[in-house]
Amino acid sequence: MSAPSASAPAPSGHGTLPATPATARRSPPLSGRVRVPGDKSVSHRALIFGLFAQGKTRITGLLEGEDVLNTAKACAALGARVTRLGEGEWEVEGVGARGLSSPAAPLDFGNSGTGVRLMMGAVAGQNVTATFDGDASLRRRPMKRVLDPLAAMGVALAAASEGGRLPLTLKGSATLKPTVYETPVPSAQVKSAVLLAGLGAAGETVVIEREATRDHTERMLAHFGADVRVEPHGTHGRRITLKGRPSLIAAPVDVPADPSSAAFPLVAALIVPGSDVTLTDVMMNPLRIGLVTTLLEMGADIAVVAERTEGGERVADLRVRHSRLKGVEVPPERAPAMIDEYPVLAVAAAFAEGVTRMRGLSELRVKESDRLAAVAAGLAACGIAHEVKGDDLIVTGSAGVRGGGPVETHMDHRIAMSFLVLGLASEQGVSVDDVAFIATSFPTFMPMMRGLGAVIN
Ligand SMILES: O=C(O)C1=C[C@@H](OP(=O)(O)O)[C@@H](O)[C@H](O)C1
Ligand SMILES: C=C(OP(=O)(O)O)C(=O)O
């Protein structure tokens, strides 16, 4: 898809602010019982579905991280009345499935790929023109993966930066065509953008994925009253069929604790000797628990207790104790279920006996940073033997990890948190260059980790 170039003002966010470095030091045993904040994926979607629904959607446990707050602002700019009622408690008064209005100013999604890509899908079937922007990290990330299927449905790209990157302007279409789209990369964001566009198309929109990715959009479509069918496709895939132009009705959403955030205290407890930590209310959606599966294979002592269903999702408490880990091979088909957890899995692998080979990590290259490169550079700065072979990351663990740094975090919250966790069990501790971006997904990371006994300053 080609388009005239958009003028590019300075990117938003921390990119222009001075960095905030921090150091994590070898720590005493971690202990305690904590609930990490609400799931980021579910939080974005709760707000967006609230925008489309008729009536007032009440959300509890919403993640109040910068990524989600930017989505809340975008929902308001598109016409919803968005109110914060208390900590994690929000109300969205929606505009109905066809009622979005053009925002007065560019929508700024900061650091968030999920926010911007889902919202591009959301405006697709609306009589709306909107400009999408973000910080320097988000401006580098590929948007064509969403623009291509939206263009096939009839959305016009009015302006974009080189390669279809942000900032870009979309003109939605009130006569959007439904599509049958097979996603070329395993991406819940691409799938969700097409399904959200499909809300505005007359007829059935079908998304086919060769490997199943997180299914929160499908679940929420059903929860808000849409007619959506999910069928198996091939060995690992799914076929999702959505009937267009449904009336969505406001429905309460109780956001469970984010397994991708829980990953940090979880791995910290495994590698800091003597630790015993319980993480409560963690979402155990099967498409999100690849890390737990892998760590159990590595010999981790993780007890899954009080498993139950809350608000349509499996949740459980996880009791985690320091463990002697061993290296494993992580198959490529597991990648969608643990995509954001590879950086912290690499940290666990650094303390495991033997070699851990993580296969098929190409999607890590297009996250907030090139995570494959950032993890490799961080491991090198901490004296950990590793190798990147094609799209595989191979880490050779040892009982005595040197640490050190400084680790460059590249505007990436998960790189910052992963290497701080590594510092807690390393000989010299670990310094990272910037912790400001942790606020995008886990704003309480520092106090929560310190509360468990972690030494970070
Ligand atoms: O749909 C979502 O909420 C997300 C999907 C994943 O991205 P991709 O769809 O690009 O794999 C993940 O990395 C991101 O943190 C959240
Ligand atoms: C990749 C991530 O998020 P996003 O794509 O929404 O920026 C993440 O949180 O690790």
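Residues numbered from 1 in each chain as written. Chains lettered and ligands numbered in written order. Predicted model: local features only at pLDDT ≥ 70, side-chain atom pairs only at ≥ 80, totals over all residues. Heavy atoms only, no water.

Q: What am I meant to see in the nonpolar core here?
A: Soluble globular proteins: nonpolar side chains tend toward being buried together. In terms of nonpolar packing, the biggest core is built from 79 residues, with Leu279, Leu295, Met358, Leu420 and Phe445 touching the most fellow members. Top contributing element to this core by residue count: helix H8 (residues 259–271), with nine residues. Once residues lying within four places of it in the same chain are set aside, the contact partners of Leu279 are Val34, Val36, Ala262, Pro265, Leu266, Ala316, Asp317, Leu318 and Val320. Listed in part, the 67 residues of the second largest apolar core include Leu100, Val128, Phe224 and Val228. (Core = buried A, V, L, I, M, F, W, Y, C linked by side-chain atoms within 4.5 Å. Buried < 20%, exposed > 50% of the residue type's maximum accessible area, 1.4 Å probe, protein only. Helix = DSSP H or I, 4+ residues; strand = E, 2+ residues; numbered from the N terminus. Contact = heavy atoms within 4.5 Å.)

Q: Just to check I follow, could you spell out the pattern of salt bridges for this structure?
A: Side chains that carry opposite charge are capable of pairing whenever their charged atoms lie near each other. Here the structure, examined in full by the defined rule, presents 37 salt bridges. One salt bridge connects Asp281 with Arg35, and the closest N-O pair in it is separated by 3.0 Å. Here Asp281 is found in strand S15 (residues 276–283), whereas its partner Arg35 is found in the loop between strand S2 (31–34) and helix H1 (40–52), with 246 residues between them in sequence. Look at Arg35 and you get partly exposed, because its relative accessible area is 35%. Here Asp67 ties to Lys40 by a salt bridge, and the two come within 4.0 Å at their closest N and O atoms. Within this pair, whereas Asp67 is found in helix H2 (residues 66–77), its partner Lys40 is found in helix H1, the two being separated by 27 residues in sequence. (Salt bridge = Lys/Arg side-chain N within 4 Å of Asp/Glu carboxyl O.)

Q: How do you make sense of the sheet that holds strand S10 (residues 180–182) when you look at a structure like this?
A: Within a sheet, neighbouring strands are paired by backbone hydrogen bonds and run either parallel or antiparallel to one another. One open sheet holds the four strands; their spatial order is S10-S11-S13-S12, and the pairing between them is mixed. Two strands lie at the open edges of the sheet, namely S10 and strand S12 (228–233), each paired on one side alone. The sheet shows a mean angle of 15° between the axes of neighbouring strands, taken without regard to direction. When S10 meets strand S11 (residues 204–209), the two strands line up parallel, connected through three bridges. Directly across from Glu182, in S11, lies its bridge partner Ile208. Against the sheet, helix H7 (residues 216–223) makes contact with S11, S12 and strand S13 (237–243), and its axis sits at roughly 150° relative to S12, the strand it touches most. (Pairing = 2+ DSSP bridges. Axes fitted to C-alpha atoms, helices over the stretch in contact; angles between N-to-C directions.)

Q: Which parts of the structure should I look at to understand the environment of Ser31?
A: You can see Ser31 is positioned in strand S2. Sequence spacing of Ser31 and Gly451 is 420 residues, and the spatial spacing of their C-alpha atoms is 8.5 Å. Every residue in contact with Ser31, bar those within four places of it in the chain, is listed here: Asp276, Val277, Gly451 and Leu452.

Q: Which parts of the structure should I look at to understand the UniProt feature "active site" (unreviewed entry) in the chain?
A: Sites flagged by UniProt as "active site" (unreviewed entry) map to Asp340. Tracing the backbone through its elements, the reader meets Asp340 in the loop between strand S18 (329–330) and helix H10 (342–350). Residue classification places Asp340 among the buried positions, given a relative accessible area of 11%. In this structure Asp340 touches Arg214, Ser260, Lys367, Arg371 and Arg414, once residues within four positions along its chain are discounted. (UniProt positions renumbered as here; feature names shortened; annotations may be inferred.)

Q: Quick question: what am I supposed to make of the UniProt feature "binding site: phosphoenolpyruvate" (unreviewed entry) in the chain here?
A: Within the UniProt annotation, "binding site: phosphoenolpyruvate" (unreviewed entry) is assigned to Lys40, Gly113, Arg141, Gln189, Arg371 and Arg414. With sequence-adjacent residues up to four places away left out, Lys40 is seen in contact with Leu63, Asp67, Val68, Thr114, Asp258, His413, Arg414, Thr440 and Ser441. By the secondary structure assignment, Arg414 is in helix H12 (residues 413–423). Here Arg414 falls in the buried class, since its relative accessible area comes to 1%. Excluding its chain neighbours within four sequence positions, the residues that come into contact with Arg414 are Lys40, Ser260, Phe264, Asp340, Pro343, Arg371 and Ser441.

Q: Help me understand the domain arrangement of the chain in this model?
A: Much of the literature gives interface size as the accessible area that the parts lose upon coming together. Along its sequence, the chain is organised into domain 1 (19–38 + 256–456) and domain 2 (40–254). Residue-level contacts link 27 residues of domain 1 with 30 residues of domain 2. Buried surface at the junction of domain 1 and domain 2, both sides included, amounts to about 2400 Å², of which 50% is carbon and sulfur. Here domain 1 and domain 2 share four salt bridges between them. Remark: the boundary between domain 1 and domain 2 carries 14 residue pairs in polar contact (both at pLDDT 80 or more). Split into classes, the residues belonging to the side of domain 1 that touches domain 2 amount to twelve nonpolar, six polar and nine charged. (Domains from an automatic or database assignment. Buried area = accessible area lost by both parts, 1.4 Å probe. Polar contact = N/O pair within 3.5 Å; in protein donor to acceptor, adjacent residues only side chain to side chain. Nonpolar A, V, L, I, M, F, W, Y, C, P; charged D, E, K, R; others polar.)

Q: In this structure, what is going on with the site of ligand 1? I would like to understand it.
A: Taken together, Lys40, Ser41, Arg45, Thr114, Pro186, Ser187, Ala188, Gln189, Arg214, Ile339, Asp340 and Lys367 make up the full set of residues adjacent to ligand 1. Separating an oxygen atom of ligand 1 from a backbone N or O atom of Gln189 is a distance of 2.9 Å. At 2.5 Å from an oxygen atom of ligand 1 is found a side-chain nitrogen or oxygen belonging to Asp340. Coverage of ligand 1 by the protein amounts to 94% of the 390 Å² it exposes when considered alone. Breaking the shell around ligand 1 down by element, the ones donating at least two residues are H1 and helix H6 (188–198). Counting residues per element, the shell around ligand 1 draws most heavily on H1, which supplies three residues. Class assignment of the residues belonging to the shell around ligand 1 gives a composition of three nonpolar, four polar and five charged. (Near = heavy atom within 4 Å. Areas by Shrake-Rupley, 256 points an atom, 1.4 Å probe, with all protein chains shown as cover.)

Q: When you look at the confidence of the model for the chain in this model, what are you seeing that I'm missing?
A: The predicted coordinates should not be examined in detail at positions where pLDDT is low. Per-residue confidence for the chain gives a mean pLDDT of 96, with 96% of residues at or over 70. For this predicted complex, the interface confidence comes out at an ipTM of 0.99, alongside a pTM of 0.97. (pLDDT = per-residue confidence, 0-100.)

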